[in-house]
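# Observations on the three-dimensional arrangement
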Amino acid sequence: MAGINKVILIGNLGKDPEIKYLEGNIAKANFSIATSEWYKDKQGNKVEQTEWHHIVLWRSMAESAEKMLKKGTQVYIEGKLQTRQWIDKDNIKRNITEIVGESFLILHKKDITNNSPPSSENVDSDNS
């Protein structure tokens, strides 16, 4: 049986996506989203626990993210986990686990300029 590598997250962007163009003019966007959970501790106090997730989007989906996503936007993301390794400038081996996005859906845009209703836009990977 083949394995399944599937991640589904709903969270808020911590900052605007950063986009880079690699060799061959391939767009790559990076950003983080926060997901939060609440629970009560032994004393009955409500405690919030926030987890940050590193997101990577490629090609036209990366370009769409740069145009559509801003800090504070609530987004639904589907993708897969991927871990990369590298050696840093101090010759220390580093690892990072990222979510490589395959699609995203804007659930709520943070709009300070007017009180328009939340919008919803879906973007899928084009695999080109």
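Okay, so let's go over this structure. Nothing here was measured: the structure is a model prediction, and the numbers come from that model. Note that residues are indexed from 1 along each chain, following the sequence as it is written. In keeping with the model being predicted, local features are shown solely for residues with a pLDDT of at least 70 and side-chain atom pairs are shown and tallied solely at 80 or more, while totals for entire chains, interfaces and linings include all residues. Only heavy atoms go into the side-chain values, all of them from the structure, while hydrogens and water stay out.

Quick look at the side chain of Lys28 now. Note on placement: Lys28 falls in strand S3 (residues 26–40). Contacts are assigned to residue pairs with any non-hydrogen atoms lying within 4.5 Å of each other. Not counting the four nearest positions on each side in its chain, Lys28 is found in contact with Glu18, Ile19, Lys20, Leu22, Val56, Leu57, Trp58 and Ala62. Secondary structure follows DSSP: runs of H or I at least 4 residues long count as helices, runs of E at least 2 residues long count as strands, and numbering of each begins at the N terminus.

This next bit is on helix H1 (residues 59–68). Buried means the residue's accessible area, taken with a 1.4 Å probe over protein chains only, is under 20% of the maximum for its type, while exposed means over 50%, and partly exposed covers the values in between. Of all the positions in H1, only Met61, Ala62, Ala65 and Met68 are classed as buried. The buried side chains of H1 occupy one side of the element, clustering within an arc of 140° when seen end-on. Note that the arc is computed from the directions linking the helix axis to the C-beta atoms.

Counted as salt bridges are all cases of a side-chain nitrogen of Lys or Arg within 4 Å of a carboxyl oxygen of Asp or Glu. Under the definition given, this model contains four salt bridges. One salt bridge connects Lys6 with Glu78, and the closest N-O pair in it is separated by 2.8 Å. Of this pair, Lys6 sits in the segment before strand S1 (7–13) while Glu78 sits in strand S5 (residues 74–87), and the two are 72 residues apart along the sequence. Take Lys6: its relative accessible area is 45%, and that puts it in the partly exposed class. Of the charged contacts, one joins Arg94 and Asp88 as a salt bridge, the two residues approaching to 3.0 Å between their closest N and O atoms. Given the relative accessible area of 18%, Asp88 is considered buried.

Looking at the element boundaries, Ser64 is found in helix H1. Once the C-alpha coordinates of Ser64 and Asp124 are considered, the two residues, 60 residues apart in sequence, prove to be 10.0 Å apart. Ignoring sequence-local partners within four residues, the contact set of Ser64 consists of Leu69, Phe104 and Val123.

Looking now at unusual backbone geometry. Phi at Asn25 is positive, roughly 60°, even though this residue is not glycine. Mapped onto the elements of the fold, Asn25 is located in the loop between strand S2 (18–22) and S3. Of note, Asn91 is a non-glycine position whose phi angle comes to about 65°, a positive value. Topologically, Asn91 is positioned in the loop between S5 and strand S6 (93–108).

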